[in-house]
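# Descriptive analysis of the structure
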Amino acid sequence: MPDTTFVERVHNASVCYHCGLPLPARGSAAWQVSIDGAERAMCCPGCAAVAQTIVDLGQQSYYRDRAGYAATADGAQLVPPELQLYDNADPRFALDGDSREAMFAVEGIRCAACVWLIEQRLARLPGVESAQLNVATERLYVRWRSEVCEPGAILAALHAIGYAAYPYDAGRHGEQQRKASKTLGRQLFVAALSMMQVMMYVAPAYLADDGTLDDSMATLMRWASLLLTLPAICYSAQPFWRGAWASLRARAPGMDLPVALGIAAAFGASVAATVRGHGDVYFDSVTMFIFLLLCSRYFELRARRKAGAALERLQHALPASATLLENYPDSHAATLVKAAALVVDNLIMIKPGEAVPADCVIVDGRTLLDVSLLSGESAPVAKAVGDALPGGAINAGTVVVARVTRRAQDSTLSSLIKLIDRAGRDKPRIALWADRVAAWFVAALLLFALAAFGFWFWLDGYSAARAWPIAVAVLVVSCPCALSLATPTALAAATDRLLREGVLVTGPQTLETLHRATHIVFDKTGTLTHGRPMLRKIQPLGRMQPDFCLRVAAALDAGSAHPLARAIVGAAVDNHGREDWQASEVCETAGRGIEGMVHDRRYRLGSAGFVAGLSGAAPPHDTGAGVTPVYLGVEGQWLACLHLCDGLRDDAQATVDYFHRTGKTVVLLSGDNDRLVREVGDRLGIHTTVGNCLPEEKLAFVKRLQQQGAVVAMIGDGINDAAVLSAADVSFAMGEGAALAQAHADAVLLHGRLGAVADSARVAARTMRVIHQNLAWASVYNLLAIPAAAMGLLNPWLSGVGMALSSAVVVANALRLRRSS
């Protein structure tokens, strides 16, 4: 039982409810967590994150039963023992063998510098195999060895360098992002206000350069400027102070360090000059620099959020609850339950406007389904009893009752999100190069600023009057953030656009490798073709018109489930709308055909031998290669031969032509017979065709191309071609619905539009151009601006303008990728 003294302290509103330390002076409402129905004040975001995680784990009893406060940062551990319930035993972390994997949301991401710092710190943590922070989504992916590391150690390591982390939750993460945006907005407002007021006080000194401003008035204005600069230094510049301190604690100089040093140096020199009553002051430069840099970061923050907007929409589309029917159909009593609690065979009610909580099948009712979020298809899809509903789709019609076939965690939308998450766990080669350059850049910059100060200090006779502002200008003019932002912002914007167009990019190297691809290898069935029979033409064999023959054939096949029958009925519906001709006395003979009465005449539809039994010997005709013939006859007379084949996709020709125009070698690789594969290749203008290939032979073919130096892009069906898709340098899978979870590709075409591959290639080319432009701009800017500052050609405030604009140019250029060409 907790002692009386401790209970009294817990209810003291001036201390942190979690650790017992005094609350900050700004008030107890800064960080709060709802515990047992009451809002409890916390002293810092770290305590708030730990307390919220304890609540999320359902361990609120820890606060009721504890006999003392949790350990503070001065104690042996930053994470309380109760939080160790979130440990390697959690099945959500299981991966393979002794490895574990998790996704965390990290609070306090300010810019690309934070990404580098967090990754470097976790890389040095024993047992951590990989740690990647996605700057666009602000999610941290960590993989570790369970025998060496625990999740609590990862949280503690982040807390030690000033970042609060917690297991990712879409709702909580969204709320945190809104709070961070508001805080940055307030800091920007205070910086702008300080800058404008300081400018009013320093303007007379600039205008009265003829000595008309007396000393007492100049001194008064300096002190006023100092006081007006303090809010910007103490509040608006907090992101830079925290980032610099975190990088120093981690012993990994980050990009906030030169910024903080520049601000501190300029402000310190100005304070010293104000106190002494002589010397130059830079209060206007300091406030302007803080304001401009915050503008850049605010713009960058909004850009990152926009770049990851499509993924956020998917995350927030996952329904949190579902309506469970206990004894349906005997009773319609409904219970609202967590979507995660649904199990297979549960019966659920889905109301109009609600998201489907899990993959299921309709057992009662019919409706229209909005699947635009899953596939990009804008038109609602009609669904009736027996039809499957993918989890995450929206019920746009009437109430239906459905039976759950997969848990919410395994639904189609969850599978999509997992595939996207996979893309954010690694970085493309060009991004890793930029990160390495930026890391060395900071250290080199600090040494160069020190050298510049020493040179000018010596040149001016050991006077700091000129050396000090030059050193400040060198520190603030550099922009390593632009280097680190150049690649991830562009890739995030490009993948966001492709996702909105129905292309789910799941591999980190996808766009980069697609741009370098030399060979584009297509599968045939289900990729260049629809993968199902289609009616190509009707060849008359008698006096009846093709239109009449099609309507008779559709009437006979109306009740058949055979794929050829479905193709004939579908063609009739496309030509005439809903078919109203009826057949009677229908009898289907398996493997041969179907017979029935239409308008009081007996017809047969099927193989030549089957129809010959009613119509006599077949007249001479030619069906051509690659065609499945279906014959129609009436007693004593042959009427028509229906040519069915696996039809080419409408956009197959345009897609192949695009890759020919861009200088790629196009290959058709299929398991179908050589004659049919050659025919399809000839129709599309593909000169290299290989047929009769088993899966292992396809794999061997692709590997031979790679051994010859080719960069291979493979487009297949995502399931049957799993091995060759995995082996290709970059691969696309034609997929929809539950099949997405089985895709082994680097990208998935959600609505099966083959032309999206060509669109992806165009976006890849634009993306690489933008990345190269960004890297070139960042490199040229730093190569020109830093020497200019070192030579005294740039003053501190102008250096601040350059740094802010450098990051802004990179981000704005990357965001162009979100727009259609």
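Everything below is about the structure shown above.
Here's what I pulled together on the structure shown here.

Scanning the model with the defined rule gives 11 salt bridges in all. For R406, the salt bridge goes to D359, with nearest N and O atoms at 3.4 Å. Taken together, the residues R406 in the loop between β16 (400-404) and α13 (412-423) and D359 in the loop between β10 (347-350) and β11 (360-364) connect sequence positions 47 residues apart. Members of the salt-bridge network, linked through shared partners, are E585, E595, R602 and R604.

Before going further, it helps to spend a moment on helix α22 (residues 652-661). Side chains that are three or four residues apart share a direction in an α-helix, a result of its 3.6 residues per turn. Along α22, the positions that sit buried rather than exposed are A652, T655, V656, Y658 and F659. Down the axis of α22, the sector holding all buried residues measures 155°, keeping them to one side. Of the residues in α22, the exposed ones pointing more than 90 degrees away from the buried face are A654 and R661. Check the buried side of α22 and you find it contacts β18 (519-522), α18 (524-528), β25 (665-669), α23 (674-684) and α26 (755-790). Following α22 by one or two positions, G663 adopts a phi angle in the positive range, close to 85°.

What follows covers the environment of I520. Tracing the sequence through the fold places I520 in strand β18. Residue I520 is classed as buried on the basis of its relative accessible area, which comes to 1%. Between the C-alpha atom of I520 and that of V711, which follows or precedes it by 191 residues, the distance is 8.7 Å. Not counting the four nearest positions on each side in its chain, I520 is found in contact with F659, K664, T665, V666, V667, A713 and I715.

Attention now goes to the nonpolar core. Of all hydrophobic cores here, the largest spans 47 residues; its most connected members are F240, I263, I290 and V474. Counting residues per element, this core draws most heavily on helix α10 (residues 283-307), at nine residues. Other than its neighbours up to four places away in sequence, I290 contacts A191, A232, I233, S236, A237, F240 and I263. Within the second largest apolar cluster, 45 residues are counted, among which are L511, Y658, A761 and V770.

The rules we used
Residues numbered from 1 in each chain as written. Predicted model: local features only at pLDDT ≥ 70, side-chain atom pairs only at ≥ 80, totals over all residues. Heavy atoms only, no water. Salt bridge = Lys/Arg side-chain N within 4 Å of Asp/Glu carboxyl O. Helix = DSSP H or I, 4+ residues; strand = E, 2+ residues; numbered from the N terminus. Buried < 20%, exposed > 50% of the residue type's maximum accessible area, 1.4 Å probe, protein only. Arc of directions from axis to C-beta. Contact = heavy atoms within 4.5 Å. Core = buried A, V, L, I, M, F, W, Y, C linked by side-chain atoms within 4.5 Å.

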